[in-house]
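What follows is each chain in one-letter form.
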Amino acid sequence: TLVSPLWATIDPSACHLGRRLTKIEVAMPEGPVALSLYEGRTAGGVDLVFLASEAHFAHGHVASDESEHAGVRWALFLRGVLEVLRRRETRPDVVHVHEWQTAPIALMLREDKELGSIPTVLSVSAIDTAGRFDKSVLAAFGLSPRLFSIEGVEFFGKFSALKAGLVA
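The structure displayed is predicted, hence computed values, not measured ones.

Student: Explain the overall build of the protein to me, please; I cannot follow it from the model alone.
Tutor: The secondary structure content of the protein amounts to five helices and 10 strands. In terms of overall dimensions, the protein is globule-like: its C-alpha atoms have a radius of gyration of 15 Å, near the 15 Å expected for 168 residues. Expressed along its principal axes, the backbone C-alpha trace of the protein runs to roughly 45 × 35 × 35 Å. Within the protein, the fraction of its 168 residues that count as buried is 44%. Total accessible area on the protein is roughly 8900 Å²; 55% of this is exposed by carbon and sulfur atoms. The average position of the 17 basic charges and that of the 20 acidic charges among the side chains of the protein differ by 4 Å.

Student: It is not clear to me how the packing of aromatic side chains should be interpreted in this structure. Could you clarify?
Tutor: Within a pair of aromatic rings, the relevant descriptors are the distance that separates the centres and the angle that separates the planes. Following the criterion strictly, the structure yields six aromatic pairs and no others. When the ring of Trp74 is compared with that of Phe77, the centres are 5.8 Å apart and the planes differ by 85°; the resulting orientation is edge-to-face. Separated by three residues within a single helix, Trp74 and Phe77 lie in helix H1 (residues 68-87), roughly one turn from each other. As far as the burial class goes, Trp74 and Phe77 line up, both buried. Look at Phe155 and Phe156: their rings are 4.8 Å apart centre to centre, the planes differ by 90°, and that puts the pair in the edge-to-face class. For Phe155, a relative accessible area of 35% translates into the label partly exposed. What makes Phe156 exposed here is its relative accessible area of 69%. The rings of Trp7, Trp74, Phe77, Trp100 and Phe133 are connected pair by pair, giving a single aromatic cluster.

Student: Just checking my understanding: could you explain helix H3 (residues 104-111) for this structure?
Tutor: For an α-helix, 3.6 residues make a turn, and residues three or four places apart therefore share a direction. Of all eight residues making up H3, six are buried, and the element is well covered by its neighbours. Listed in full, the buried residues belonging to H3 are Pro104, Ile105, Ala106, Leu107, Met108 and Leu109.

Student: Please clarify how the nonpolar core should be interpreted in this entry.
Tutor: For soluble globular proteins, the rule of thumb is that nonpolar side chains tend to be buried together. Formed by 43 residues in total, the largest nonpolar core has its most connected members in Leu51, Ile105, Leu109, Phe141, Leu143 and Phe159. Secondary structure elements with two or more residues in this core: strand E3 (24-26), strand E4 (33-41), strand E5 (47-52), H1, strand E6 (95-98), H3, helix H4 (137-141) and helix H5 (161-167). With residues near it in sequence (within four places) discarded, Ile105 still touches Leu78, Val81, Leu82, Val95 and Val97.

What counts, and where the lines are drawn
Residues numbered from 1 in each chain as written. Predicted model: local features only at pLDDT ≥ 70, side-chain atom pairs only at ≥ 80, totals over all residues. Heavy atoms only, no water. Helix = DSSP H or I, 4+ residues; strand = E, 2+ residues; numbered from the N terminus. Rg over C-alpha atoms; globule rule 2.2 N^0.38 Å. Buried < 20%, exposed > 50% of the residue type's maximum accessible area, 1.4 Å probe, protein only. Areas by Shrake-Rupley, 256 points an atom, 1.4 Å probe, with all protein chains shown as cover. Lys, Arg positive; Asp, Glu negative; His and termini not counted. Charge placed at Lys NZ, Arg CZ, Asp CG, Glu CD. Phe/Tyr/Trp six-rings, centres within 6.5 Å; stacked < 30°, edge-to-face > 60°. Core = buried A, V, L, I, M, F, W, Y, C linked by side-chain atoms within 4.5 Å. Contact = heavy atoms within 4.5 Å.

So, to be careful, I would describe these as geometric facts and stop short of saying anything about function.
Put into structure tokens, the structure is as follows:
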């Protein structure tokens, strides 16, 4: 199963994605955010799950953005992924995360009482970007402030999304 944000450049009908009537509600510090859920399957049998939010994945937003808003956007997406995992009938054998954008989910899973036993693997091809944000973004990711240390997610005074994946 592949889970991705539904970026504005992805046309659900062209990809034969079906929109679920129920939304995934994600608890965020500023209040709950509802994400639309789109599902499909590739010709090779890979299940596709896309999480959509016009406000967060609209035109002009790119995956490589490291602005403060991007930190919250990725936190929202990853918390949505956790909700997708909770709703599944079976747990995955492994969760593969790629680059800093999704690296924090390895730590988020480890810290989660219900999902903490799911193993993760992190692949990195661009070590020069780390997804560095103000430490206040920890709350958006649902991570404890106790993790903000040199042994944890702190990197030169900032939260490092890549380091979150590496320490997990």
